[in-house]
Amino acid sequence: TYELPFGERKPFFSHGKMASVFGNWQLSGGTTLQTGQPYTVKLAGSASNNSGSGNNLSERPNVLGDPNLPASQRVPLDFFDTAMFAVPAAGTFGDAGRNIVTGPGSFNTNLSLMKGLRFGKDQMRRLDISLRTTNVFNHPNFSGLDVSYPSNTFGRVASTASMRVLNLNLRFNF
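Residues numbered from 1 in each chain as written. Predicted model: local features only at pLDDT ≥ 70, side-chain atom pairs only at ≥ 80, totals over all residues. Heavy atoms only, no water.

**Description of the overall build of the protein**
Right, on to step 1. Scanning the protein from terminus to terminus reveals one helix and 13 strands.
Right, on to step 2. Scanning the protein from its N terminus toward the C terminus, one meets helices and strands in the order β-α-β-β-β-β-β-β-β-β-β-β-β-β.
Right, on to step 3. The globule rule puts the C-alpha radius of gyration for 174 residues at 16 Å, and the 27 Å found for the protein is more than 25% above it.
Right, on to step 4. Along the three orthogonal principal directions, the C-alpha set of the protein runs to about 85 × 30 × 20 Å.
Right, on to step 5. Within the protein, the fraction of its 174 residues that count as buried is 24%.
Right, on to step 6. Look at the contacts in the protein between residues 6 or more apart in sequence, and 63% of them connect residues 24 or more apart. (Helix = DSSP H or I, 4+ residues; strand = E, 2+ residues; numbered from the N terminus. Rg over C-alpha atoms; globule rule 2.2 N^0.38 Å. Buried < 20%, exposed > 50% of the residue type's maximum accessible area, 1.4 Å probe, protein only. Contact = heavy atoms within 4.5 Å.)

The structure is reproduced here in structure tokens:
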């Protein structure tokens, strides 16, 4: 929490109406940066059916190279290189390892701006005003990947987290 330098006993707007309007404000916030969670690509349906159990997503495809794209090439409809996977030959199991695809990371900044106003003849009543913002920069945070090979949505991002949200709170203490 940071007290803004305005109001009584502060360097700026320390007297008069400007002190009452701009004084006693506090700013707080936090930023979260997270790398993406790892995903394991699995065969969908009975593409190979080497285990004899059919559609249980227990088998993996063959991997032909590194499926992770550079960050500048990742887009929601093609988040990793889907051409790096192939159905294994009949009678063999795929060689794709566990957790070889890195999912989308997240970047989130939250801020709060707060002020307490005292009033009444004894200054015992107080009105607290706060403006709270989540995801202040409105950065899209993607989540989930379709890692079922082969499917029409293979390699696509499944959803996004909530975008910017503003909350204005008033609290009267008496």
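Structure's up, so let's keep going.
**Structural notes on the layout of surface pockets**
Any empty space left between the atoms is revealed when a probe the size of a water molecule rolls over them.
Right, on to step 1. Each pocket or cavity is described by its volume, and for the largest pocket that value is around 350 Å³.
Right, on to step 2. Around the largest pocket, the lining comprises 16 residues; the ones closest to its centre are N24, K115, G116, L117 and R118.
Right, on to step 3. Counting only elements with at least two residues in the lining of the largest pocket, the list comes to α1 (16-22), β2 (25-34) and β8 (106-119).
Right, on to step 4. Ranked by residue count, the leading element in the lining of the largest pocket is β8, at five residues.
Right, on to step 5. Its residues placed into classes, the lining of the largest pocket shows four nonpolar, seven polar and five charged. (1 Å grid on protein atoms, 1.4 Å probe; cavity = no way out; pocket = protein on both sides within 12 Å on 5 of 7 lines; lining within 4 Å. Points joined across faces, edges and corners; volume = space filled by probe spheres on them. Nonpolar A, V, L, I, M, F, W, Y, C, P; charged D, E, K, R; others polar.)

**So, the nonpolar core**
Right, on to step 1. Membership of the largest hydrophobic core is limited to twelve residues, which are Y39, V41, L43, F79, F80, F85, V101, L145, V147, Y149, F154 and V157.
Right, on to step 2. If we skip the residues at most four places from it in the chain, F154 touches V41, F80, T82, F85, D146, V147, S148 and Y149. (Core = buried A, V, L, I, M, F, W, Y, C linked by side-chain atoms within 4.5 Å.)

**Topic: the pattern of salt bridges**
Right, on to step 1. Counted according to the given criterion, the structure contains two salt bridges.
Right, on to step 2. D122 is the salt-bridge partner of R125, the closest N and O atoms lying 4.0 Å from each other.
Right, on to step 3. The shortest N-O distance in the salt bridge between D128 and R126 comes to 2.7 Å.
Right, on to step 4. For R126, a relative accessible area of 28% gives the class partly exposed. (Salt bridge = Lys/Arg side-chain N within 4 Å of Asp/Glu carboxyl O.)

**Here we look at the packing of aromatic side chains**
Right, on to step 1. Inspection of every chain in the model, using the stated rule, returns eight aromatic pairs.
Right, on to step 2. When the ring of F107 is compared with that of F137, the centres are 6.4 Å apart and the planes differ by 20 degrees; the resulting orientation is stacked. Remark: F137 occurs in the loop between β9 (125-134) and β10 (142-145) and F107 occurs in strand β8; sequence separation between them is 30 residues.
Right, on to step 3. For F107, a relative accessible area of 27% corresponds to the partly exposed category.
Right, on to step 4. Given a relative accessible area of 56%, F137 falls into the exposed group.
Right, on to step 5. On the basis of an interplanar angle of 25 degrees and a centroid distance of 5.5 Å, the ring pair of F172 and F174 is categorised as stacked. (Phe/Tyr/Trp six-rings, centres within 6.5 Å; stacked < 30°, edge-to-face > 60°.)

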